[in-house]
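For reference, the chains in residue letters:
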Amino acid sequence: MIKTEKILHLKSCRGRKVRVVREHYLREQVPCYSSLCQADCVNDGKLLPGDLTHYVVPDVGVVVDYLEILEFRELQGIVFTQTACQAVQHSKGRRQYNRLRNLLKDPRHDCVLFANEFQEYSYCPREKGESQEKWQTRCVYSAAVWYHNHLAGMMDVVMITEDQDAVAQYSSLNSGVYVISVQDFLQNFWPELQAAHDLYGSISQALQEKESEGSQREFAEHLPAEVLEAGIKSGRYIKGTLNINKHHNEAFIRTEGLSNKNTDLSWGVLVSGNKNRNRAVHGDAVVVELLPKSEWRGKVTALAEGQGEEKGGEENESKPMPTGRVVGILQRNWRDYVVTFPPRDGTQAQSRNSQRILAVPWDRRIPKIRISTQQADALQDHRVVVRIDSWESTSLYPNGHSVRVLGRAGELETEVQTILIENCIHVSPFSDAQLREMPVNSPEKPWRMDPAQVAERRDLRETHLVFSIDPRGCEDVDDALSLRGLAGGALLELGVHIADVTHFVTEGSLTDLEARSRATTYYLADRRYDMLPAVLSADLCSLLGGVDRYAMSVLWELDAHSLAVNKVWYGRTLIRSSYQLHYELAQALLNGERAEVPELARLGSEEKDAKLAQLTRALEMLTHVARHLRAQRDRGGALELEGVEVRAQLDEERNITALVPRQPLEVHETVAECMIYANYWVARKIQETFPHQALLRRHPPPRQEFFSQLVDVASARGFTVDTRTNKALAESLDQAVDPQDPLVNRLLRMMATTAMSQALYFSTGLESQDQYYHYGLALDRYTHFTSPIRRYADIVVHRLLTAAIDMDRGAGPGRALANNKELEEMAQHINNKNRAAQQAQKLSTLLFQCLYFKERDPQTDQRCVADAVVYSIRNNGMLVFVPEYGVKGPVYLKNREGQVVSAGQDGSCEWQSGAIRQYSDHITTTSSCGTSTFRLFDHITVRLSVHSTPCHADSLNLEVISNKPHRSAEPQQAHSQGRSQLVQEVVRLAEEAYQQAQEKAARRPKLSKEEREFSQSKTPNLYSLLEEVRELALMDLDGAARVCATTA
Ligand SMILES: [Zn+2]
């Protein structure tokens, strides 16, 4: 080892230059991470493959400015030098540096880090008078040459640089080491990778423009980091996350601490207007300074366009509240944004070959972004993904560059992609490397059980009658059930058998990493994106009927009389499901109706009757047990807040034949109850074995303030809703029934749901045990174990359960378990992805609702007129719910011209000049025609139309046309018709899109069989349709609605 000195010139936070001298050790052995290595390097971890045509060594400037291009997974064999990494850390900050580190860690990216400055033969000390940039470039070139020599000339090395002098100076020095520009590199090696070319163009454009910034200050400078920190410590400043209100020019800081010294900040800090926000963008971690009390302001309370439900009591809304201004930003939370290039009016053009366009983000909370582009004309009315580069105090808008073009605004594919990107959902097709990890199951090579597994597992195939109950046509069967008598009927044995996904998905494998980053299967209105490849989710993991499968089972031995638990067994099993039932069939058997069980169709009548009796007996006992379990939870205060109330009926080819109001079948509850029971017992097991590092799911009790609207609205109808405990709430909601109008109870439950907190995953080491409670299910512990095919949390829980079982056997856990901190990070990640999935699903439903109404003329088409119920009163209108279409939204009673809605004798409404007055349970308008009153729970008639804006998502517009209920000839029929048409529309549009994709694909080279098999599901399959219908049926489309679903 050789010791030298390294001299660094750093800039301090205040901008002063500092000279630092560091001892620097050089080694002969520094790992090269190449599989071609002949020199016995200690290469742990990722290796660059040897079968490439070249390795790529990017220069410092390329890594700093064009990292996004190096992030393309197509680019292989990239060597990042330590020199470049350090430069990113110093010049780009933590965010960009973390991005580079993640890239290096991620096995799906073929790149490695080379510690070139520690390598004796590649290190070059800086020469006197040599500029930092020249020296860095020389270091990187020296590293490139080292690689070529170290690999004995077996691999060509391409250094890419934006420094033209370097190209001239180095390109002919060594054969086998090429020095070219990024553009030449892309053109020569990646001519087909258009996305990378486009990105290169847009970044280089943005870099050029950056130099021609103005100098006039538009915003206050941000304070230096150490001043912010000291201010936070002393209580002068407050830190929190900036949350911009979608519909007003106001923002709130969600603070971590609830108060500072003498101010109550539990409702957050208001930041009003653009100047006070001081370049902070929605989601940024910021530091604010409170303004003097005289400058405090109140929240805006009027309805604004597109406004839905908001939490919070009315009283708190208009009073002045703590108000502040942003003085600094701790961490930017910039992501990819979808923007629309507006039609050009010619005034924005600055020069002929480049134009600076103010692009309008789809998300209304994000400011316009200035983009320099040469494609301004071509991109008009297109949706484009952009990234923000910087926002200087001299600029009114942030500067950014475009990443890729999604397509023309308004087209279905463009809009769906927009929804995905806006929710940070990345679902590229599964890669080849990942698919190679998958087991094969084809007619030529059928999958078989491994004898070693057969020997190790408890075999239930001969001893247990196992069956599954799912929606009709379900492909991914996560769970199956069994129930049998033991000890001559003195005992019952209940079994829940779950797909053994972790047998196939090894921790840390590419499939595991991909599943982890997706965290869940995404269900949109017309398609789904699976968390796992189809060979697992729809085949080898799916507990299909009549085939051998691996399972993770929980078996309870219960006292047949008292149903008390004697014993619980957890373990890996072999099962063969005898019946793949659907809900209606199972219920028919329970009801003693004549029903054809497909599995028994071919049997003789005697055998058939015997088998049928056996199955029915098992179903009956199961129902008996589930009733008992449910009653137990009810006594504890379990809530039922929402119910699926329509379902799609499908024929053999999966066409929707009818949309019928859901018959609430008891068997739904029975299955759900067994799953809840399994989740509960697995939660107990892993929490007891790993008290500090188990993944559980808690549902915190709601904040009482959030119930104020529910309580007020209920009392307007004469009901008392007691919200003190979940039990009191459940009981008082059960009482709040208006026999004349079933919607009253539904609306109250919807409001209760809105007030709920989100259920969340967490690591047990983070919270004290009294925080584990699941409020909705009334259980002291809970987790997710029963859906490992579509939820990553369940995969984590399966691994924990396996480790716990191993410990019981006296063996240590096979692998080091994630510690509390790692598990908590995982929990946060999954929580975030779940929120994103819910949001995307909600937005895609809205998209299809808008597509449905867009094709109809609201003035003439009767389908655009519907009944609506008032559920909230505001000062310029009210919020209503349209049961027929599952739509919630505002109805304005006062417009911008100051006119108000006035109802005539027959109820028909028109705009008149007049006045409006809000009361606690009603709102009145007064005009020359008299006074009109709208009360809570009134049924009115509304017209639905689509409000289109070129840059944002379409939204539905609700307009009152009569203050009387909507009269239709057959209300019940109309009720189901609206939705059935809506769903048919989804199917039609999805099929069109699918056909177009097929035609497009036909023009491209043929996909391999494997690619087709594993690509994402585009056709509307049964499951996603059911989910869609389910979602429409939910009265509340907010994510919270799903929290307390029976399968929570
Ligand atoms: Zn080596």
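Residues numbered from 1 in each chain as written. Predicted model: local features only at pLDDT ≥ 70, side-chain atom pairs only at ≥ 80, totals over all residues. Heavy atoms only, no water.

### Observations concerning the overall build of the protein
Threshold: A run of DSSP states H or I qualifies as a helix once it reaches four residues; a run of E qualifies as a strand once it reaches two. Both are numbered from the N-terminal end. Categorising residues by exposure relies on relative accessible area from a 1.4 Å probe, with only protein chains included: less than 20% of the type maximum marks a residue as buried, more than 50% marks it as exposed, and the intermediate range marks it as partly exposed. Methods summary: accessible areas were calculated by the Shrake-Rupley approach with a probe of 1.4 Å, and residue burial reflects only the protein chains presented.
The helix and strand tally for the protein stands at 27 helices and 43 strands. With 1048 residues in all, the protein has 54% of them scored as buried. Surface summary for the protein: the accessible area is close to 47,100 Å², and the carbon and sulfur share equals 47%.

### Considering the environment of Val946
Defined as follows: Whether two residues are in contact is decided by their heavy atoms: any pair within 4.5 Å suffices.
Tracing the sequence through the fold places Val946 in strand 42 (residues 939-947). On the accessibility criterion, Val946 (22% relative accessible area) is partly exposed. Each C-alpha atom, one on Val946 and one on Glu855, is 9.5 Å from the other, the two residues being 91 residues apart in sequence. When near neighbours in sequence (up to four residues on either side) are disregarded, Val946 contacts Cys850, Phe853, Lys854, Asp954, Ser955 and Leu956.

### A closer look at the sheet that holds strand 40 (residues 922-927)
What counts, and what does not: When DSSP finds two or more bridges between a pair of strands, those strands are recorded as paired. Whenever a helix is involved, its axis is fitted only over the stretch in contact; in every case the axis is a line through C-alpha atoms, and angles between N-to-C directions fall within 0 to 180 degrees.
The strand order across the open sheet formed by 4 strands is 38-39-40-41, and the pairing between neighbours is antiparallel. Each of the sheet's edge strands pairs with one partner strand only, and the pair in question is strand 38 (899-903) and strand 41 (930-935). Strand-to-strand, the axes of this sheet are offset by a mean angle of 50°, without reference to chain direction. Sheet analysis places strand 39 (residues 909-918) next to strand 40, joined by 5 bridges and oriented antiparallel. Paired with Ile916 across the strands is Thr925, a residue of strand 40.

### Structural notes on the coordination of the zinc ion
Quick reminder of the rule: Coordinating donors are taken to be N, O and S atoms lying within 2.8 Å of the metal, or within 3.2 Å when the metal is Na, K or Ca; because water is excluded from the atom set, some sites may appear incomplete. By the criteria applied here, four donors are tetrahedral when all angles lie between 85 and 135 degrees, four are square planar and six octahedral when opposite donors are over 155 degrees apart and every other angle lies between 65 and 115, and any other arrangement is irregular.
In this structure, Cys32 (SG), Cys37 (SG), Cys41 (SG) and His150 (NE2) serve as the protein donors to the zinc ion, at separations of 2.0 to 2.3 Å. Viewed at the metal, the 4 donor atoms of the zinc ion are separated by angles of 101 to 115°, and the geometry they form is tetrahedral. As a motif over one chain, the donors of the zinc ion read C-x4-C-x3-C-x108-H. Here His150 lies in helix 3 (residues 132-150) and Cys37 lies in the loop between strand 2 (17-26) and strand 3 (54-58), a separation of 113 residues in the sequence. For the pair shown, Cys37 and His150 are each scored as buried.

### Considering the pattern of salt bridges
For clarity, the threshold we go by: Whenever Lys or Arg places a side-chain nitrogen within 4 Å of a carboxyl oxygen from Asp or Glu, that contact is recorded as a salt bridge.
Taken as a whole and judged by the stated rule, the model has 51 salt bridges. The closest approach of N and O atoms between Glu666 and Arg627, which form a salt bridge, is 2.7 Å. Taken as a pair, Glu666 in helix 18 (residues 666-689) and Arg627 in helix 17 (residues 605-636) lie far apart in primary sequence, 39 residues in all. Notably, a salt bridge pairs Arg791 with Asp794, separated by 2.8 Å at the nearest N-O pair. Classification of Arg791 by relative accessible area gives buried; the value is 18%. Three or more residues are tied together by salt bridges with common partners; here these are Arg73, Asp106, Arg108, Glu514 and Arg518.

### Thoughts on helix 1 (residues 60-70)
A large share of helix 1 lies buried, amounting to 9 of its 11 residues. Within helix 1 the residues assigned to the buried category are Val60, Val62, Val63, Val64, Tyr66, Leu67, Glu68, Ile69 and Leu70.

### Here's the deal with the side chain of Glu68
The condition is simple: Pairs of N or O atoms are called polar contacts if they sit within 3.5 Å, as long as, within protein, a hydrogen donor faces a hydrogen acceptor (for residues adjacent in sequence, only side-chain-to-side-chain pairs).
Along the chain, Glu68 turns up in helix 1. Looking at Glu68, the relative accessible area reads 11%, which means it is buried. Polar contacts involving the side chain of Glu68 include one to the side chain of Arg387, which spans 2.3 Å.

### Digging into the packing of helix 17 against helix 18
Note the following rule: An angle counts as roughly parallel when it lies under 35 degrees, as roughly antiparallel when it exceeds 145, as roughly perpendicular when it falls between 65 and 115, and as oblique in every other case. Each crossing gets its hand from how the near helix is turned against the far one by less than a right angle, where anticlockwise is left-handed and clockwise is right-handed. Three classes are used, and their members are as follows: Ala, Val, Leu, Ile, Met, Phe, Trp, Tyr, Cys and Pro are nonpolar, Asp, Glu, Lys and Arg are charged, and the others, Gly among them, are polar.
One way to put it is that helix 17 packs onto helix 18 with a least axis distance of 9 Å and a crossing angle of 65°. Taken together, the axes of helix 17 and helix 18 lie roughly perpendicular to each other. Where helix 17 crosses over helix 18, the two elements pack in a sense that is left-handed. Across the interface between the two elements, Leu622, Thr623, Ala626, Arg627, Leu629, Arg630 and Arg633 of helix 17 pack against Glu666, Glu669, Thr670, Glu673, Cys674, Ile676 and Tyr677 of helix 18. Residues of the contact of helix 17 with helix 18, tallied by class, amount to 6 nonpolar, 2 polar and 6 charged.

### Some thoughts on the packing of helix 18 against helix 22 (residues 792-808)
One can describe the packing of helix 18 onto helix 22 by two numbers: an axis separation of 9 Å at closest approach and a directional angle of 60°. The angle between helix 18 and helix 22 places the two elements in the oblique class. The handedness of the crossing between helix 18 and helix 22 is left-handed. Side by side, helix 18 and helix 22 meet where Val682, Lys685, Ile686 and Thr689 of the first sit next to Val797, Leu800, Leu801, Ala804, Met807 and Asp808 of the second. Partitioned by chemical class, the residues of the contact of helix 18 with helix 22 number 7 nonpolar, 1 polar and 2 charged.

### Points about the nonpolar core
Cut-off, in case you're wondering: Take the buried residues of types Ala, Val, Leu, Ile, Met, Phe, Trp, Tyr and Cys, join any two whose side-chain atoms come within 4.5 Å, and each joined set is a nonpolar core.
Core analysis: the biggest nonpolar cluster contains 96 residues, and Phe467, Ile469, Leu494, Trp556, Leu581, Leu695 and Phe785 have the highest contact counts within it. Ranked by the residues each element gives to this core, the list is headed by helix 18, at 12 residues. Ranked by size, the runner-up nonpolar core spans 84 residues in total, among them Cys85, Val112, Ala196 and Val427.

### Overview of the sheet that holds strand 18 (residues 355-361)
The pairing of strands in a sheet happens through backbone hydrogen bonds and is either parallel or antiparallel. With mixed pairing, the 5 strands of this closed barrel are ordered in space as 17-18-19-21-20. Neighbour-to-neighbour, the strand axes of the sheet open up by a mean angle of 50°, direction not taken into account. The pairing of strand 20 (residues 382-390) with strand 21 (residues 399-408) spans 8 bridges and is antiparallel. Residue pairing for strand 21: Arg383 is matched across the bridge by Gly407. Where helix 10 (residues 412-422) meets the sheet, its contacts fall on strand 17 (337-340), strand 20 and strand 21, and the angle it forms with strand 21 comes to roughly 140°.

### Thoughts on the environment of Pro361
Inspection of the secondary structure puts Pro361 in strand 18. Along the chain, Pro361 and Val338 lie 23 residues apart, while their C-alpha atoms are 5.8 Å from each other. Excluding residues within four positions of it along the chain, Pro361 makes contact with Val338, Val339, Ile366, Pro367, Lys368, Ile369, Cys951 and His952.

### Notes on the packing of aromatic side chains
Selection criterion: Ring geometry is summarised as follows: Phe, Tyr and Trp rings, the Trp one being its six-membered ring, pair when their centres sit within 6.5 Å, and such pairs are stacked at plane angles under 30 degrees, edge-to-face over 60 and tilted between the two. By definition here, charges over rings are those cases where NZ of Lys or CZ of Arg is within 6 Å of the ring centre and within 35 degrees of the ring normal.
Across all of its chains, the model carries 16 aromatic pairs by this definition. Aromatic pair Phe219 and Trp391: ring centres 5.7 Å apart, planes at 85°, arrangement edge-to-face. Taken as a pair, Phe219 in the loop between helix 6 (194-210) and helix 7 (225-234) and Trp391 in the loop between strand 20 and strand 21 lie far apart in primary sequence, 172 residues in all. You'll find Phe219 and Trp391 in the same group, each marked buried. It is Arg457 that lies over the ring of Tyr550; its NZ or CZ is 4.2 Å from the centre. One cation-aromatic arrangement involves Arg856 over Tyr852; the distance from NZ or CZ to the ring centre is 4.2 Å.

### Notes on the pairing of strand 40
Along strand 40, 5 of the 6 residues are buried, which leaves the element largely enclosed by surrounding structure. In this antiparallel pair of consecutive strands, strand 39 and strand 40, the connection spans 3 residues. The pairing of strand 40 with strand 41 spans 6 bridges and is classified as antiparallel. Bridge pairing in strand 41 links Ile923 to Phe934. With antiparallel pairing between neighbouring strands as the criterion, strand 40 and strand 41 make up a hairpin whose turn holds 2 residues.

### Quick look at the state of the cysteines
Put simply, the test is: For this text, the term disulfide refers to a pair of cysteine sulfurs within 2.5 Å.
Within this structure, the stated rule accounts for 0 disulfides. Left unpaired, Cys85 is separated from the closest cysteine sulfur, that of Cys111, by 9.4 Å. We classify Cys85 as buried; its relative accessible area is 7%.

### A word on helix 19 (residues 708-716)
Of all the residues in helix 19, the buried ones are Ser708, Gln709, Leu710, Val713 and Ala714. Directly after helix 19, the chain includes Gly718, whose backbone phi takes a positive value near 90°.

### What to know about the pairing of strand 20
Of all 9 residues in strand 20, 8 are buried, a share of seventy percent or more. Both strand 17 and strand 20 contribute to a ladder of 4 bridges, which runs antiparallel. What sits directly across from Tyr337, in strand 20, is Val386.

### Quick word on the side chain of Ser142
As for its position among the elements, Ser142 is in helix 3. When near neighbours in sequence (up to four residues on either side) are disregarded, Ser142 contacts Tyr121, Ser122 and Cys124.

### Thoughts on the confidence of the model for the protein
Rules: Confidence of the predictor in every single residue is expressed as pLDDT, which spans 0 to 100.
Confidence in the prediction for the protein averages 83 pLDDT; 84% of positions are at 70 or higher. Of the regions scoring below 50 in pLDDT, residues 642-661 engages in 53 contacts with residues more than four places distant in sequence or in other chains. pLDDT under 50 marks residues 1004-1048. Its contacts with residues more than four places away, or in other chains, come to 121 contacts.

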